[in-house]
Amino acid sequence: MRTALVIGAAGQIGRPTVRALAADGWEVTAASRGGGRDAGWPDRVRAVRLDREDDAALTELVGDGVDLVVDMVAFTREHGRQLANLSGRVGSAVVISSGAVYEDEEGRSFDTQAEPDGWPRYPGPVKETDRTLAPGDATYGTRKVRLERDLLALGEALPTTLLRASAVHGPYCRTPRELYFVKRIFDGRRRRVLAFDGESRFNPASARNLAELVRLAAARPGSRVLNGADPDCPTVAEIGTMIDALMGVETETVLVPGPPPAETVGDTPWSLPYPFVFDMSAAERELGYKPVTTYADALPETVEWLTARLREHDWETGFPKMVASYTTGLFDYAAEDVWLASRAAQL
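Quick summary incoming for the structure in this document. (Residues numbered from 1 in each chain as written. Predicted model: local features only at pLDDT ≥ 70, side-chain atom pairs only at ≥ 80, totals over all residues. Heavy atoms only, no water.)

Quick word on the overall build of the protein chain
Each helix and strand counted, the protein chain has 12 helices and 11 strands in total. Here the protein chain has a C-alpha radius of gyration of 21 Å; the compact-globule value for 347 residues is 20 Å, and the two agree. A principal-axis box enclosing the C-alpha atoms of the protein chain has dimensions of 70 × 45 × 35 Å. Relative to its full complement of 347 residues, the protein chain shows a buried share of 53%. Counting only contacts in the protein chain whose residues sit at least 6 apart along the sequence, the fraction spanning at least 24 positions is 76%. When the accessible surface of the protein chain is split by element, carbon and sulfur atoms take 49% of a total near 15,200 Å². Distance from the positive charge centre (40 side chains) to the negative charge centre (51 side chains) of the protein chain: 3 Å. (Helix = DSSP H or I, 4+ residues; strand = E, 2+ residues; numbered from the N terminus. Rg over C-alpha atoms; globule rule 2.2 N^0.38 Å. Buried < 20%, exposed > 50% of the residue type's maximum accessible area, 1.4 Å probe, protein only. Contact = heavy atoms within 4.5 Å. Areas by Shrake-Rupley, 256 points an atom, 1.4 Å probe, with all protein chains shown as cover. Lys, Arg positive; Asp, Glu negative; His and termini not counted. Charge placed at Lys NZ, Arg CZ, Asp CG, Glu CD.)

A closer look at the sheet that holds strand β6 (residues 160-165)
Taken together, the 7 strands give an open sheet; going across it, the order is β3-β2-β1-β4-β5-β6-β10, and neighbouring strands pair in parallel fashion. In this open sheet, the two edge strands, each paired with only one partner strand, are β3 (46-49) and β10 (224-228). Across this sheet, the average inter-strand angle for adjacent strands is 20°, counted without regard to direction. As defined by bridge partners, strand β2 (residues 27-32) adjoins β3 across 4 bridges and the pair is classed as parallel. If you follow A31 over to β3, its bridge partner there is V48. (Pairing = 2+ DSSP bridges. Axes fitted to C-alpha atoms, helices over the stretch in contact; angles between N-to-C directions.)

What follows is the structure in structure tokens.
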């Protein structure tokens, strides 16, 4: 039986990946910091504790060798070195990367958003052959590029598929974008302000679609980079409407042409002035990939999970990484009310 080690197995992408590999006949060791199990995993899945930063523990877990390592939590050059040191004892690897590696023809990327006119502009769906940032240690994106290049340089010594995931969604997400709308409904907000006329499109990626990509790449090892995103890419206004329908409410949407009118008003985790959409033809061509779900079909599961979590915790306790990631504030209702009152006075 083929053997697989999944690092970061208890996370958002790890859970469906373990299920997909096990269903495909792999003998899976699911490693995570807490060593927990998912209720959907078959009993034969072995769940173990692993501190990713502990070289000796990772080496011991690989033991005499495994056919596959799937790494959900590789972020730094040091993590790439850890995987490289396993060459010879690992048949192939699949590593999650990020769409944050891309830059446009003018050198704009997600790293430059805070600068004047710093938003990236892509003429069409982003392809794996498009420009990327220079490798480095300064930002999340540059670190991912360095990791990608170091792993691809291993070639046949460790064939590695790197999956550039877009805006990942699904249960167990630590920074769920959908929380923006779900919490507002919980808080009784029945008006929302959306910048860029609510037309922002930030290609989502279901954790289940990413798991399918991992499954297919595991069966066809190679040194490659592939995009990972859903086949549908709704606008932020459409996402808000879908969540309203799932939660049985109606919300008035106030559209603003252009950027957020105030620092904490009209901005969302999807808000971009220009579309960020992935081309998935390479995965279809190289792996025979077909998505197992769409954003619309996967959304009810996400909303149900978020709703249950908000009933048990306040959002700061339930999603601490979300708090840290969006330091400008996602739920500044006072500032929003001031802006709406000012707007009403001008009409």
